[in-house]
Structure formats: C-alpha cells, structure tokens
Amino acid sequence: MAFEAKGTINERLSGDAVKAPGVVPPRFHAETRERQLPSGLLKSTQWTFDGISITHVRSELNAPLTLQLHDDSDVITMLFNLRGKITMSPDTQELSASQHNLFYEPECSSHIHAEALPLELFLVQLPKNKFLELTRECPDELQLFNEQLKAGMRTALAAKPLNTDLHLITGINAMLQCALADALKGIGLKEVDVIIECS
C-alpha cells in the first residue's frame, strides 16, 4: 500500500520497494517516514510481514489534508481513526475519533480526507484470501461481508462507522508499543486475529 498526500504538493509516504518487480519481499519489513508539508509535519510507519501491511499515520497539520491509498493487490482494509475526523471515499463515510470500519474495494484506490486535526490513523491491510481464511468461522455479522468479498463486490462491513472499544485499542497499542521487529512479527498475526474478531 502507498499513501500520497494531496495538497499544494504531493508526497508519497510509503514506498513500493517491497513490491518492486523481480524483488522478493522480505518476511518482515519496517519503514518510517516523515514529510514536512506546507501545513505541518506528517509521519508514517509501515510494517509488512506475511502478506499483511500495517500502517500508522500521525500529523500535526494546521490545514485539511487528503490521503490517497494505492494498492494493486486484492486486499481488505481495516481503517481505525484514532484522532481527528475523516471522510473515507468512495463510500463517503465519516469517521470521528475512536471509530473504525472494514472496507473492500477491488484494485484499492480510496481517498481519506482529514477535516478535523490533529490526525492519527491505524490501517491493517490483508490479502483477500488470507482474510477469508482467518474468518472461516466468523460471526454472523461477517457472513454477508465475506459473501460480497467472494463475489468481488465493493463493500463495507457496516453502513455506519463502528465504535473502537477497549479490546481493539489494546490490540492496536500492543502493535504500536512493540519496539522489537521479531516480537512484532511474532504477535502480528495474533493481534490481527484479535482485531478481526472484535471488529
């Protein structure tokens, strides 16, 4: 996944090095970037492992910002808005602080418009097949979502954003506070599994 900040200038926040043609992606890859934009500082950290991409974005900007998500692979996006207020398109969902949702769009190309600042986002992206494998015995609420996934339809888990409860926040914090790459790799699938079950 790559981010691009839209405004007076464009900045890519996460590179495509792990997806470059002819390059075998490492089992674990971490990348942190900072971009000084005219409206302030934008920071992002991305961890990639076992086909899963986790991205944490923070900004202390003083003007609205639009982020564009790019991914040419077939992925599910779990978007958690931790601070600020955003609008996610093309579904045009508004997420306030401590809200989240689960999205699927074939050939992922979505926009996140940050309206209330500061901004803090946490995203987890899984390949569609891996998500379906993890949710084989999913609760009833996920059944319709999974059927739409299998049909290749653009969809969201909920028509309105869901509240991010303590279990989800604990799982997110466990990832963000983990300083060791090997430890993150070890807890990664476990925490992603917890997040999916709690969504």
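Attention here is on the structure that accompanies the text. Note that the coordinates shown come from a computational prediction; the quantities given were computed from them, not determined experimentally.

A few points about the overall build of the protein chain
Part 1: In terms of regular secondary structure, the protein chain is built from four helices and 12 strands.
Part 2: In the protein chain, which comprises 199 residues, the share counted as buried stands at 47%.
Part 3: Considering only intrachain contacts with a sequence separation of at least 6, the fraction spanning at least 24 residues in the protein chain is 63%.
Part 4: For the protein chain, the computed accessible surface area is about 9700 Å², with 51% contributed by carbon and sulfur atoms.

Here's the deal with helix α3 (residues 166–176)
Part 1: Of the positions making up α3, those classed as buried are Leu 168, Gly 171, Ile 172 and Met 175. Down the axis of α3, the smallest arc covering the buried residues is 95 degrees, so these residues share one side.

Observations concerning the nonpolar core
Part 1: Ranked by size, the top nonpolar core spans 23 residues in total, and within it Ile 54, Leu 102, Phe 122, Phe 131 and Phe 145 carry the most contacts.
Part 2: Of all the secondary-structure elements, those providing two or more residues to this core are β4 (40–49), β5 (52–59), β7 (75–89), β9 (99–104), β10 (109–127), α1 (128–134), α2 (140–150) and α3.
Part 3: Considering each element in turn, this core owes the most residues, four residues, to β7.

Brief notes about α2
Part 1: Three or more residues of α2 are buried, namely Leu 142, Phe 145, Asn 146, Gln 148 and Leu 149. The buried residues of α2 occupy one face: seen down the axis, they fall within an arc of 160 degrees. Those residues of α2 that are exposed and aimed more than 90 degrees away from the buried face are Asp 140, Leu 144 and Lys 150.
Part 2: Looking one or two places after α2, you find Gly 152, whose phi comes out positive at around 75 degrees.

Looking at the pattern of salt bridges
Part 1: Evaluated as defined, the whole model comprises six salt bridges.
Part 2: The partner of Glu 94 in a salt bridge is Lys 85, and the shortest N-O contact between them spans 3.5 Å.
Part 3: Taking the relative accessible area as the measure of exposure, Lys 85 reaches 29% and is therefore partly exposed.
Part 4: Measuring nitrogen to oxygen at the nearest pair gives 3.8 Å for the salt bridge that ties Lys 150 to Glu 147. A residue pair is termed a helical-turn pair when its members lie 3 or 4 positions apart in one helix, as Lys 150 and Glu 147 do in helix α2 at three residues.
Part 5: Accessibility expressed as a relative area gives 55% for Lys 150, which makes it exposed.

Regarding the packing of aromatic side chains
Part 1: Taken as a whole and assessed by the stated rule, the structure comprises two aromatic pairs.
Part 2: On the numbers, 5.9 Å between centres and 70 degrees between planes, the contact of Phe 131 with Phe 145 is edge-to-face. Taken as a pair, Phe 131 in helix α1 and Phe 145 in helix α2 lie far apart in primary sequence, 14 residues in all. Just as Phe 131 is buried, Phe 145 falls in that class too.

Parameters at a glance
Residues numbered from 1 in each chain as written. Predicted model: local features only at pLDDT ≥ 70, side-chain atom pairs only at ≥ 80, totals over all residues. Heavy atoms only, no water. Helix = DSSP H or I, 4+ residues; strand = E, 2+ residues; numbered from the N terminus. Buried < 20%, exposed > 50% of the residue type's maximum accessible area, 1.4 Å probe, protein only. Contact = heavy atoms within 4.5 Å. Areas by Shrake-Rupley, 256 points an atom, 1.4 Å probe, with all protein chains shown as cover. Arc of directions from axis to C-beta. Core = buried A, V, L, I, M, F, W, Y, C linked by side-chain atoms within 4.5 Å. Salt bridge = Lys/Arg side-chain N within 4 Å of Asp/Glu carboxyl O. Phe/Tyr/Trp six-rings, centres within 6.5 Å; stacked < 30°, edge-to-face > 60°.

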